[in-house]
Structures are given as structure tokens and as C-alpha cells.
Amino acid sequence: MSDVNRRIVLASRPHGEPTPAHFRLERGTVPVPHEGEVLLRNRYLSLDPYMRGRMSAAKSYAKPVEINDVMVGGTVSEVVASHHPGFAVGDTVLAYGGWQDFSVSNGQGLRKLDPSAAPVTTALGVLGMPGMTAYTGLLTIGAPKPGETVVVAAATGPVGSLVGQIAKLKGARTVGIAGGADKCRHLTEDLGFDAAVDHRSGDLPAALAAACPDGIDVYFENVGGAVFDAVLPLLNDFARIPVCGLVANYNMTELPPGPDRVPALMRAVLSKRLNFRGFIVSDFADQGPAFLKDVGQWLREGKIRYREDVVEGLESAPEAFIGLLKGRNFGKLVVKL
């Protein structure tokens, strides 16, 4: 085992888009676990859009990462030393080890993984936080009914791709919005979406309207910005909008120019009786067992599919994360450490 712990820390807070200069790679000693703790060797690191918010000091649902602290993130990790009765050396666990090679845990929040049941990286994606976000947000807030039209933004990402597939299993017509012909082809040919719309194609409002001739009953919001502008006029009466993410706005430093569009939005909310609800996956923590049971079964039966985008090396994490915020990834973004 190495005696060096490489860590990527937050060097400074970005104003606008993050750059590699906002991160710093450090080398330190491997931490020592004490009584009741385990030492983890982090094998895979999850990169997710929420991390951009943690780089900011603005008030949010979670505490920001402090300057010079390790960037946060979910990990698939191996127990390499244990002073905890519940974990043995060699166990593979889902942890929150962050952007570093080694971490120490008191066992709280660790979940043992069975590498023979599914590839361990699925615990960071389809069988992990992104998958549970899709499952709980769609079924609890979106509540799609057979024959309804469900539209999902960022549809080839780990959340959006599962939202669309679950909606199909529930009998809905599913339309995905993604960037580029390859991603749109993946939605219809590999994941079974009924239609796909390329938000880079030129006239997004017209393309989306053509794909949704009966309007939109459920819109799973991952993006905001111009995508939401195209969706809003198509929302049917009593449409449900689970608001999961607003990645188009994460790097904004000021409000966009133009007229105040809040009155038009609120008029639509009132006249169409729209149900907007923002949520964080932890709001539905009690649904964890049902999520693992249902999605695990659908995965084993081949009813859902997933795609991973794996990059090599901890040092690649900053550039990969910056690309994630620009939509460069294709599937669940994972760093192999």
C-alpha cells in the first residue's frame, strides 16, 4: 500500500466557470484509523453537477467545501485497515471519500457492496445517488400515468437516462432532450425513448413542439435556461415538474439580461395549475430499500440500461468535472483512481 495520499483540494472559489486553477493536487501522508474507524482506499470517484454548488460559499442545502479542504464526492472504496467490528479488510463499500486516494470513516453511511451482484461502479450511478434521484423524483413528484408525455432534460446523464426508462416502464411516452446527434441516437436506439430532441440543433422550441404534439404532462428538470424556456409553453394543465438540477445556471454570476419573465411564469403556474417542486434525494431517504429492490430487479431483467464515462487518474478529475458542467460527458462520469 502506498504511503502517500494524493488529494485534490479547493484552491479558490470560482466566479463563473471553474478552471483548473481553482483546484490543487497535494501529496500528504496516509491517514491513520483509530478505534471504531476504517481506512479506505478509494478506487472509483463519482463526479456530479452538485459539486459546483459546494465550491460556492452561497447559502444552499449543504455546507460548502472550505478553501484548502478536499473536494467532496462519493466513492467506491476498499477497506484496507479496520478497527470497526462491522467492516473487515477487503470489504468493498460505497463511501463519501472525496477526491483523494485514501480516507478514514467511522462507518456511518458506509454501504457494503457485493461485486458479484453488479459492477461496483453502478453504486455511483444507476444503483446509487443518481439512480435514486431519478426514481424518487419521477415517481413521487412526477407520478407519470400511462399515455402521458414525460420530457426529461440532460437525458443521457445518469439521472435523466433512468427517468426516461422508468417512465417507459410506467406506460408513458418519453421524450429526451440531449446535446448532439450521437446522444439523441443513444436515447431512441439504446434506451427506448420514443423521441429525442437535440438542444443544439438550432430551433429547440419548434423541435420540442413537434416531438410533443399532445403537450407535456411531466417535465423532469435538470438544466433550466433555454431548455426550460422551450418547455414552458408546452406544459399541459396540471403538469408536474420535479426540479432536480439547474446546470445551465450553476456558473451564472448575475441574472440574464432581458425582460422580467417571472410574471409570465407565475401566470402559467396559476392558469395551468402547475406543480413545481424542487427536491434533494435525501428528502426521500426512506425510499432507499424500494429503489434498490425495483431498479436492481429491472437491471437484472434487462429492462433498463446504463452507460458510464470512465476517465483514468485522480489528476484528471478537475478537467473531467469542468467538462461535465459543459455537457461533454456521455453517461455517468466516474474517475478510476
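Cut-offs applied
Residues numbered from 1 in each chain as written. Predicted model: local features only at pLDDT ≥ 70, side-chain atom pairs only at ≥ 80, totals over all residues. Heavy atoms only, no water. 1 Å grid on protein atoms, 1.4 Å probe; cavity = no way out; pocket = protein on both sides within 12 Å on 5 of 7 lines; lining within 4 Å. Points joined across faces, edges and corners; volume = space filled by probe spheres on them. Helix = DSSP H or I, 4+ residues; strand = E, 2+ residues; numbered from the N terminus. Domains from an automatic or database assignment. Contact = heavy atoms within 4.5 Å. Buried area = accessible area lost by both parts, 1.4 Å probe. Buried < 20%, exposed > 50% of the residue type's maximum accessible area, 1.4 Å probe, protein only.

*Asks:* Looking at this model, I keep getting lost on empty space enclosed by the protein. Mind explaining?
*Replies:* A water-sized probe rolled over the atoms picks out the places where empty space is left. In the structure shown here, the tally under the stated rule is 1 cavity of 30 Å³ or more. What the largest cavity holds in volume is close to 140 Å³. As for the largest cavity, its lining consists of 18 residues, and the residues nearest its centre are Val126, Pro158, Ser161, Tyr306 and Arg307. Considering every element that reaches the lining of the largest cavity, the biggest residue donor is helix α3 (residues 158–169), with 4 residues.

*Asks:* Which parts of the structure should I look at to understand the domain arrangement of the chain?
*Replies:* Note: interface size is frequently given as the accessible area lost on complex formation between the parts. By the assigned domains, the chain splits into domain 1 (4–125 + 307–336) and domain 2 (129–282). Centre-to-centre separation of domain 1 and domain 2, based on C-alpha positions: 28 Å. Contact with domain 1, which involves 21 residues of that partner, is made by 14 residues of domain 2. Between domain 1 and domain 2, the buried area comes to about 1300 Å², and carbon and sulfur atoms account for 64% of it. The three residues of domain 1 that bury the most area against domain 2 are Gly125, Leu325 and Phe330, which together make up 29% of that side's buried surface.

*Asks:* Looking at this model, I keep getting lost on helix α9 (residues 317–325). Mind explaining?
*Replies:* Note on helix geometry: an α-helix contains 3.6 residues per turn, so any two residues three or four positions apart are oriented the same way. Within α9, 8 of the 9 residues are buried, leaving the element largely enclosed by the surrounding structure. Residues Ala317, Pro318, Ala320, Phe321, Ile322, Gly323, Leu324 and Leu325 constitute the buried set of α9. Summarising the contacts, the buried residues of α9 are in contact with β1 (4–10), β2 (23–29), β3 (38–46), α1 (50–54), β14 (308–312) and β15 (332–336). Positive phi shows up at Gly327, right after α9, with a value of about 80°.

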